[in-house]
Structure formats: structure tokens, C-alpha cells
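Structural features, examined
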Amino acid sequence: MSASGGSRAIIAALAANAGIALAKFVGFAITGSSSMLAEGVHSVADTANQGLLLFGRRRASRAATPEHPFGYGRDRFFYSFVVALLLFTLGSAFAIYEGVHKLAAPEELENPLVAIVILLVAVALEGYSFRTAVHESRGLKGGATWWGFIRQSVNPELPVVLLEDTGALVGLVFALAGVGLTMATGDPVWDAIGTVAIGVLLGVIAVILIVETKSLLIGEGARAPLRATISSSLVGGPVERVIHLRTQYLGPEELLVAAKIAVPASLPTGDVAAAIDAAEARLREAVPEARLVYLEPDLDRTGSDDGLDPALDPRS
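Structure report, in brief. (Residues numbered from 1 in each chain as written. Predicted model: local features only at pLDDT ≥ 70, side-chain atom pairs only at ≥ 80, totals over all residues. Heavy atoms only, no water.)

Focus: the overall build of the protein chain
- When you go through the protein chain residue by residue, the secondary structure sums to 9 helices and 3 strands.
- For the protein chain, the succession of helices and strands along the chain, N to C, is α-α-α-α-α-α-α-α-β-β-α-β.
- The globule rule puts the C-alpha radius of gyration for 316 residues at 20 Å, and the 25 Å found for the protein chain is more than 25% above it.
- Taken along its principal axes, the extent of the C-alpha atoms in the protein chain is 90 × 40 × 35 Å.
- Here the protein chain holds 316 residues, and the buried ones make up 46% of them.
- Within the protein chain, counting contacts between residues at least 6 apart in sequence, those at least 24 apart form 76% of the total.
- Total accessible area computed for the protein chain in this model is approximately 14300 Å², and 65% of it derives from carbon and sulfur atoms. (Helix = DSSP H or I, 4+ residues; strand = E, 2+ residues; numbered from the N terminus. Rg over C-alpha atoms; globule rule 2.2 N^0.38 Å. Buried < 20%, exposed > 50% of the residue type's maximum accessible area, 1.4 Å probe, protein only. Contact = heavy atoms within 4.5 Å. Areas by Shrake-Rupley, 256 points an atom, 1.4 Å probe, with all protein chains shown as cover.)

With respect to a nonpolar patch on the surface
- A surface patch of nonpolar side chains, about 430 Å² in accessible area, is lined by L113, V117, V121, L125 and M183.
- The biggest single contributor to the nonpolar patch is helix α4 (residues 112-141), with 4 residues.
- In this structure, L125 sits in helix α4.
- For L125, a relative accessible area of 34% translates into the label partly exposed. (Patch = residues over 30% accessible without salt bridge, like charges linked within 9 Å, V, L, I, M, F, W, Y side chains within 5 Å. Salt bridge = Lys/Arg side-chain N within 4 Å of Asp/Glu carboxyl O.)

Quick notes on the sheet that holds strand β1 (residues 241-251)
- Spatially, 3 strands are ordered β1-β2-β3 in an open sheet, and the strand pairing comes out mixed. With one partner strand each, in any of the chains shown, β1 and β3 (292-298) form the two edges of the open sheet. In this sheet, neighbouring strand axes are inclined to one another by 10° on average, regardless of whether the strands run parallel or antiparallel.
- Helix α9 (residues 269-286) rests against β2 (254-262) and β3 of the sheet, and its axis sits at about 140° to β3. (Pairing = 2+ DSSP bridges. Axes fitted to C-alpha atoms, helices over the stretch in contact; angles between N-to-C directions.)

Considerations on the pairing of β2
- The element β2 is largely enclosed, with a buried count of 7 among its 9 residues.
- Examined bridge by bridge, β1 and β2 share 9 bridges and lie antiparallel to one another. Considered in β2, the bridge of R246 is made with A258.
- Counting the residues in the hairpin turn of β1 and β2 gives 2 residues.
- Where the polypeptide runs from β2 across α9 and back to β3, its parallel neighbour, the crossover connection is right-handed. (Right-handed = clockwise from strand over helix to strand, strands pointing away.)

Considerations on the pattern of salt bridges
- Counted according to the given criterion, the structure contains 9 salt bridges.
- We note a salt bridge from E253 to R76, for which the minimum N-O separation is 2.9 Å. Here E253, found in the loop between β1 and β2, pairs with R76, found in helix α3 (residues 75-104); they are 177 residues apart in sequence, far enough to count as distant.
- A residue is classified by how much of its surface remains accessible, and E253, at 26% relative accessible area, is partly exposed.
- Among the salt bridges present, the one from R223 reaches E220, with a minimum N-O distance of 3.6 Å.
- For R223, a relative accessible area of 38% corresponds to the partly exposed category.
- Judged by its relative accessible area of 12%, E220 is buried.

Quick word on the side chain of S233
- Relative to the elements of secondary structure, S233 occurs in helix α8 (residues 224-234).
- Setting aside residues no more than four positions away along its own chain, S233 makes contact with A279, R282, L283 and A286.

In C-alpha cells form, the structure reads like this:
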């Protein structure tokens, strides 16, 4: 699954969330709605998150150094992980705290119609951001489901923006429901319940993001279909088969490939070098994100042809 793309979605989300945050805080100042306050803090967190994602992309583009010979591609994974933590602490924890506080001491809303109008405007802006993220992600998603895309994508920013925007839209529905029910019943407890619901929603999304970005941060390899493509591209000419293969993403567009390949015992040294060069060229053509390739020639001693590293083979 390709890892490129995402800047447009991040910028759209940044612009939308900055405007929405300002509008929500104005709405809170006028109405005193805890749902509006929770949503305002949520939008501030989202705005900061988009800034961190853009900062992470910039940091990841730095050239490799002797201290970091494989470059800084994982900075994008790191800052996406920070975003997930911020969404949990600034978004979820604050909303739940505010909601519980208002449940214990409900406060009447003033001018709730203002809150409704602001929330509807926020829905429109978040909808634009969500539509942009969906458009940017569709080409990368391929035939996978949206949930599968979020679970499998090595581009950390697009799943973050998609989940953030989804959470923002659902959270706005909760806020509208809380304010609307408060207007209909005259009981401000509904506004507090809406606030708690927003906090729980953000907590669930944050946990999903933490789990997924942690997997990328500690090192995630290519999935089975891509490993099969890598193995098949390496085989050809004197290369008889792939004895074992290991991969790891050093960044969304940087895949490290290390493989032991079987060549005939009688092959001269010069021909072995030429076979390795040809195999590497075939691999880079088939898998452009394979930026770092290390191939070790060896003799075929097993007769097995599964391309697995023996350490990863459940049969060994």
C-alpha cells in the first residue's frame, strides 16, 4: 500500500479546525455550554495535531547523518504518536472531566440557539476537511476497507486525519444532541451528558491511534502481498530463490529490504555480483519504496522455497 500523499488533507484539517475552535469558544462565552467548551478544546487539540503532523513531515525529510545513517523517516511515526497522546489528554480527558463536573453541578444555558448555529457551521467545515481526507486517501486505500486502510497504511498522517475528522463530526452530533435536548427539556444535564459522550468518543479514537502508530514506531515490516512481490522480483537469472527475507519501514516511503538469495555454487564471483545488481534493479522497479536493499548470496541447502526467515518460520 503506497505511503505517499497527505499534505493537502493535513492543511485542510488545520485551516478548518483553527476556524472551528475560534467559533466554538465564542459560542461557549455566549452560551456557557460545556459541550461547546469540550468541542472548543477538541478543536484546539486537533489544530495543534495538524501542526505537529506537518512539523513531523518536515523533520523526516532531513538527510541521513553518521548518527542516523538510515535517516529520519520515523519522525513522521513519532509525531503521529504524539498526536494520539494529545488527542487523549487534551481532548478526551478534559471533555470527560468537564462533563462530570457539569453533571454534578448543572448550569443553565444562555442563548442556546447561538450554539446550534455555530455547531452547524462547524459541521460544514469539518465535512469539508473530512471530504478532503477521504479524497486523498482513496487512491492509497485500493481495494481495502476503510478500517483495513487505517490498520494497514504506513502513511501515519492520513489515518490520523480521517479518524480525527470522523471523531469531530460524531462529536458535533453529540454536542448538537446535548444542546438540542437541553433546549427541548430545559434540563442542562443533557448538555453535560453530551460532553461526556464526546470525551468517551475521543478516548476510543485516541487508543486506536496509539496502538496503530506504536506499531509503526517500533518497526513494522511489509505485509504478505508486498513480501511476495519482493520475493518474486528478486528471483531471476542466476538467482534461484529467496532463502529468507526481512523488511522494515524506516519511514512511510522508505522500506529496508534484507534478503539471503540462493545462487549456484559454480557461479564465478563476478557473475554473483552481476546477479545481485540485476536482482536489486528488478526489486527497485517492482517496489519503488525499497530504498535500502541488502542482498546476501548463499547456497541452496534446504530445498524449501517459502522465502521465510527461519527465525520467523512457525515450523522451525
